[in-house]
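# Tertiary structure, described
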Amino acid sequence: ATDLHLSSLAHAAAKNGHVPVLVFLEQSLDSKGLGLLLTKANEYGHTPAFVAAQHGQLAVLEFLVKSQGAAVLDTTSHSGRHLIDAAAAAASNRPA
């Protein structure tokens, strides 16, 4: 299931730091060949890893790298914004 922007449950879980949901999706969907849900981009080119970076969800990023490989960090949105830029912006908005 997706929303209007083709964001999936994996995007929502990544945004909100729900690693257990991502683990569940990986375990239940991989047996059906749907594991790509964890790396699929929405209409903006945002993957779940990109969304996690935007929202400072480091535990999600750690899980996705362990689960899907470091390539999940090499993501650029359709607007040309790289995942590392999204992470830096999120970090600069956090109180020290």
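Since we're looking at a predicted model, the values are computed, not measured.

This next bit is on the overall build of the protein. When its secondary structure is counted, the protein shows five helices and zero strands. Counting from the amino terminus, the protein carries its helices and strands in the arrangement α-α-α-α-α. Classification of the 96 residues of the protein by burial places 35% in the buried group. A fraction of 62% describes how many contacts in the protein between residues 6 or more apart in sequence connect residues 24 or more apart. With an accessible surface of roughly 5,600 Å², the protein has 61% of that area assigned to carbon and sulfur atoms.

Here Thr75 lies in the loop between α4 (58-68) and α5 (83-92). A distance of 2.8 Å separates a polar atom in the side chain of Thr75 from the backbone oxygen of Val72. For Thr75, the contacting residues outside a window of four places in its chain are Gly45, Thr47, Phe50, Arg81, His82 and Leu83.

Another aspect to go through is helix α1 (residues 9-16). Within the span of α1, buried status applies to Ala10, His11, Ala13 and Ala14. Down the axis of α1, the buried side of the element spans an arc of 165°, and every buried residue falls inside it. One or two positions beyond α1, positive phi appears at Gly17, with a value near 75°.

Cut-offs used in this document
- Residues numbered from 1 in each chain as written.
- Predicted model: local features only at pLDDT ≥ 70, side-chain atom pairs only at ≥ 80, totals over all residues.
- Heavy atoms only, no water.
- Helix = DSSP H or I, 4+ residues; strand = E, 2+ residues; numbered from the N terminus.
- Buried < 20%, exposed > 50% of the residue type's maximum accessible area, 1.4 Å probe, protein only.
- Contact = heavy atoms within 4.5 Å.
- Areas by Shrake-Rupley, 256 points an atom, 1.4 Å probe, with all protein chains shown as cover.
- Polar contact = N/O pair within 3.5 Å; in protein donor to acceptor, adjacent residues only side chain to side chain.
- Arc of directions from axis to C-beta.

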